[in-house]
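Overview (structure and organization)
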Amino acid sequence: MAGTASVLTDDSFLSRLDQRLFSIEKILILIGGLAIFSLMLMAVISVGGRNFFNRPLPGYVDWIEQAMPLIAFVGIAYTQRVGGHIRMDILVGQLKGRPLWLAEFVSTFAMLVLTLLLLWGSWAHFQRSFDFSVPMWSRDSSIDIGLPLWPAKLLAPIAFFVLALRLTIQLWGFGRAVKTDATNPVAVPLIEDAATQAQREAESVSGLEEDSK
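Keep in mind the model is a prediction, meaning the values are calculated, not measured.

Focus: the overall build of the protein
Looking only at helices and strands, the protein features seven helices and two strands. Secondary structure elements of the protein occur, N-terminal to C-terminal, as β-α-α-α-α-α-β-α-α. When each of the 213 residues of the protein is scored for burial, the buried share is 35%. By sequence separation, contacts in the protein at least 24 residues apart represent 72% of the contacts at least 6 residues apart.

Structure below.
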């Protein structure tokens, strides 16, 4: 299932790394949101131009191609940090203490290995597109208005690199939790049950959280 999670912080070096990376992830998620908003504006301009002036926005599909990596990839590390990715937790949800942290460590390690493979493959894909010796440094371009494609292809390895950093931090956090049998480790997502999620959502909507302070 997909849900939300709380991430505890303290003054430890691991927690400081987590918070600094989280600030980068929030910037990336903001960029992704601006990309979606920009596509909405471009759609309005293109449809309006087609209907009223018989002149749709040139290269609209090309710009969609450029923006898709922003929408698809830049938010994956942020989602991993807050525990928002879809996961099957029927079994893991029944675990407590060290067995739970060990299961999370193993799954996070598997994700890190897969992410590193994706990072390697996407970087190789970018390299096939980028070339300093050709116009606009690009060996390929979009069909309509000829936008270079290497900037869009570069976004994937950047996003996977940030995700690899996030998984490394979480691997460290889960490993330390296994070692110390911590109840509430820092820098890792602590998945909340349905009742807690519902309460937090109700507080955020109704303002009860602010009134209770």
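So much for the structure itself; the text now carries on.
Considerations on the packing of aromatic side chains
Going through the model one piece at a time under the given rule, you end up with 12 aromatic pairs. Between Trp 123 and Phe 126, the ring centres sit 5.0 Å apart and the planes meet at 40°, which makes this aromatic pair tilted. Here the residue Trp 123 and the residue Phe 126 both occupy positions in helix 4 (residues 97–129), the gap between them amounting to three residues, near one helical turn. What makes Trp 123 partly exposed here is its relative accessible area of 38%.

With respect to helix 2 (residues 60–73)
An α-helical turn contains 3.6 residues, so any two residues separated by three or four positions project in the same direction. Taking 1.5 Å of rise per residue, the 14 residues of helix 2 would be expected to cover 20 Å, and the 21 Å separating its terminal C-alpha atoms lies within 8% of that figure. Where helix 2 bends most, at Ala 67, the angle is about 35°, and the proline Pro 69 comes one to four residues later. Asp 62, Gln 66, Ala 67 and Pro 69 are the residues of helix 2 that are buried. Looking at the buried positions of helix 2, the neighbouring elements they touch are helix 1 (13–53) and helix 5 (150–180).

Let's talk about a nonpolar patch on the surface
A grouping of Ile 36, Phe 37, Met 40, Leu 41, Met 68 and Ile 71 is seen on the molecular surface, where their side chains present a nonpolar patch of about 540 Å² in accessible area. Sorting the residues of the nonpolar patch by element identifies helix 1 and helix 2 as the ones contributing at least two each. Per-element tally for the nonpolar patch: the top contributor is helix 1, with four residues. On the basis of relative accessibility, which here comes to 42%, the residue Leu 41 falls in the partly exposed class.

Digging into the nonpolar core
If you look at the biggest cluster of nonpolar residues, it comprises 19 residues, and the most contacted ones within it are Ile 76, Leu 112, Phe 160, Val 162, Leu 163, Ile 169 and Ala 187. Elements with a contribution of two residues or more to this core: helix 1, helix 3 (76–81), helix 4 and helix 5. Once residues within four sequence positions are removed from consideration, Ala 187 is found in contact with Val 7, Leu 8, Leu 14, Asp 18, Arg 166, Ile 169 and Gln 170. Core analysis: the second largest hydrophobic core is formed by seven residues, Val 92, Ala 177, Val 188 and Leu 190 among them.

Focus on unusual backbone geometry
Although it is not a glycine, Met 136 sits at a positive phi angle of roughly 60°. In this structure, Trp 137 takes a positive phi of about 60° despite not being glycine. Tracing the backbone shows Trp 137 in the loop between helix 4 and helix 5. Judged by relative accessible area, Trp 137 falls into the partly exposed class, the value being 39%.

A look at the pattern of salt bridges
The final tally for this structure, using the stated rule, is five salt bridges. Of the charged contacts, one joins Arg 81 and Asp 18 as a salt bridge, the two residues approaching to 2.7 Å between their closest N and O atoms. Here the residue Arg 81 occupies a position in helix 3, and Asp 18 occupies one in helix 1, the gap between them amounting to 63 residues. Asp 18 matches Arg 81 in its accessibility class, with the two residues each being buried. When the shortest N-O distance is used, the salt bridge between Asp 18 and Arg 166 registers 2.6 Å. Residue Asp 18 is located in helix 1, and its partner Arg 166 is located in helix 5; the two are separated by 148 residues in the primary sequence.

Side note on helix 5
End to end, helix 5 covers 46 Å across 31 residues, agreeing with the expected 45 Å (1.5 Å per residue, within 8%). Count one or two residues on from helix 5 and you reach Asp 181, which has phi positive near 55°.

Here we look at the side chain of Gln 80
You can see Gln 80 is positioned in helix 3. What Gln 80 contacts, discounting residues up to four positions off in sequence, is His 85, Met 111, Leu 163, Arg 166, Leu 167, Gln 170 and Pro 189.

Definitions and cut-offs
Residues numbered from 1 in each chain as written. Predicted model: local features only at pLDDT ≥ 70, side-chain atom pairs only at ≥ 80, totals over all residues. Heavy atoms only, no water. Helix = DSSP H or I, 4+ residues; strand = E, 2+ residues; numbered from the N terminus. Buried < 20%, exposed > 50% of the residue type's maximum accessible area, 1.4 Å probe, protein only. Contact = heavy atoms within 4.5 Å. Phe/Tyr/Trp six-rings, centres within 6.5 Å; stacked < 30°, edge-to-face > 60°. Expected span 1.5 Å × (residues − 1). Bend = angle between axes of the 7 residues up to and from the residue. Patch = residues over 30% accessible without salt bridge, like charges linked within 9 Å, V, L, I, M, F, W, Y side chains within 5 Å. Areas by Shrake-Rupley, 256 points an atom, 1.4 Å probe, with all protein chains shown as cover. Salt bridge = Lys/Arg side-chain N within 4 Å of Asp/Glu carboxyl O. Core = buried A, V, L, I, M, F, W, Y, C linked by side-chain atoms within 4.5 Å.

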